[in-house]
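Remarks on the overall topology
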Amino acid sequence: MNIIPFFPQLLFHCTIPVPENLIEYCSILGKGEKDNRSVYNGWETPNDLHKNEDFSNKFLKNYFLPKIKEELSTINFPNWNLQSCWVTKLEKNGYHVTHIHSGCHYAFAWYLNVTENTGGELSIRNPNEYNTELVLKKMDPRINDEYNLYPALNITPKTGLLVMFPAYLYHGVLPSLAENRITMSGNIVISL
Ligand SMILES: [Fe+2]
C-alpha cells in the first residue's frame with residue numbers, strides 16, 4: 001500500500017541566539033504587571049510587550065525581528081505584523097493548560113532559558129485526532145513515525161530554539177521541573 005500525506009500542518013523552527021541582557025531584563029519584567037492567561041506555577045506579562053518602547057528598542061526592532069525575518073525570507077514567507085508579544089516564566093512544576101491563540105495566523109515561542117531534560121515540552125494536539133485515533137493506534141508504528149501521526153506532537157524546548165505554528169492548533173506545555181524556564185512568545189498576522 002502506498003501513502004501520500006496531504007494538507008499537513010507546518011511547524012517552522014530555527015535557532016536564534018539569546019542575548020545575555022535579555023534574561024536580566026526578564027527578571028525586571030517579573031516585578032512588573034502580570035496577566036496570567038494559560039499558565040500555572042508561573043507568570044506571563046501582558047501580551048502587548050511589543051508596545052513597550054524600551055523592550056522593543058532593546059530586543060525586538062534591532063535584534064529579534066530582523067533575525068526571524070531573515071530566517072523566514074529563506075522560504076519566501078509572506079509579510080506579517082507582530083500582533084502581540086509577551087514573556088512567560090515557569091516556576092518548578094509550572095505548566096500551561098491547553099489553549100489556542102485566536103484572532104491571528106501563527107503563534108511562536110522563543111526559548112530564552114531552558115534547562116535540558118527538565119520536561120516542559122510544548123505539546124501540540126493533532127487537530128485530526130478524533131477521526132484518526134483508532135487508525136493511529138492500530139497502524140504500523142513506522143508509518144506513524146514517518147508522518148508524525150500521533151495524538152500530539154511534543155517538542156522538547158532548548159535555549160535559543162524558535163518554533164512557529166498555526167495559531168488555531170490547540171497546545172499546552174507539559175509540567176517543567178526547572179526553576180527558571182523563560183520564553184518569549186507572540187502572535188503574528190499575515191499582511192496582504
Ligand atoms: Fe500558547
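Here's what I pulled together on the structure shown here. Note that the structure is a prediction, hence the values are computed from the model and not measured.

1. Section: the overall build of the protein chain
- Across its full length, the protein chain holds 4 helices and 9 strands.
- In sequence order, the protein chain lays out its α and β elements as β-α-β-α-β-β-β-α-α-β-β-β-β.
- At 17 Å, the protein chain has a C-alpha radius of gyration in line with the 16 Å of a compact globule built from 192 residues.
- Long-range contacts, defined here as pairs at least 24 residues apart, represent 87% of the contacts in the protein chain between residues at least 6 apart.

2. Overview of the environment of Glu121
- Mapped onto the fold, Glu121 is located in the loop between strand E4 (106–113) and strand E5 (122–125).
- Considering only alpha carbons, one finds Glu121 and Gly172, 51 residues apart in sequence, at a separation of 8.4 Å.
- Once you skip the residues sitting within four places of it in the chain, Glu121 turns out to touch Asn154, Ile155, Thr156, Pro157 and Leu174.

3. A look at the nonpolar core
- By size, the foremost hydrophobic cluster in this structure holds 28 residues, and its most contacted members are Val87, Tyr106, Phe108, Trp110 and Leu112.
- Here this core gets 7 residues from one element, more than from any other, and that element is E4.
- Once residues lying within four places of it in the same chain are set aside, the contact partners of Tyr106 are Met164, Phe165, Pro166, Ala167 and Ile188.

4. Remarks on unusual backbone geometry
- Phi is positive for Asn41, close to 60°, though the residue is something other than glycine.
- Tracing the chain through its elements places Asn41 in strand E2 (residues 39–44).
- The class for Asn41 is partly exposed, based on 13 C-beta atoms found within 10 Å.
- Not every positive phi belongs to a glycine, and Asn117 is a case in point at roughly 60°.
- With respect to the helices, strands and loops of the structure, Asn117 is situated in the loop between E4 and E5.

5. Regarding the environment of Gly42
- Within the secondary structure, Gly42 is located in strand E2.
- Placed 30 residues apart in sequence, Gly42 and Leu72 show a C-alpha to C-alpha distance of 31 Å.
- When residues no more than four places from it in sequence are discounted, the contact partners of Gly42 are Thr88, Lys89, Leu90, Glu91 and Gly94.

Procedures and definitions
Residues numbered from 1 in each chain as written. Predicted model: local features only at pLDDT ≥ 70, side-chain atom pairs only at ≥ 80, totals over all residues. Helix = DSSP H or I, 4+ residues; strand = E, 2+ residues; numbered from the N terminus. Rg over C-alpha atoms; globule rule 2.2 N^0.38 Å. Contact = placed C-beta atoms within 7 Å. Core = buried A, V, L, I, M, F, W, Y, C linked by C-beta atoms within 7 Å. Buried ≥ 20, exposed ≤ 12 C-beta atoms within 10 Å, placed from the backbone.

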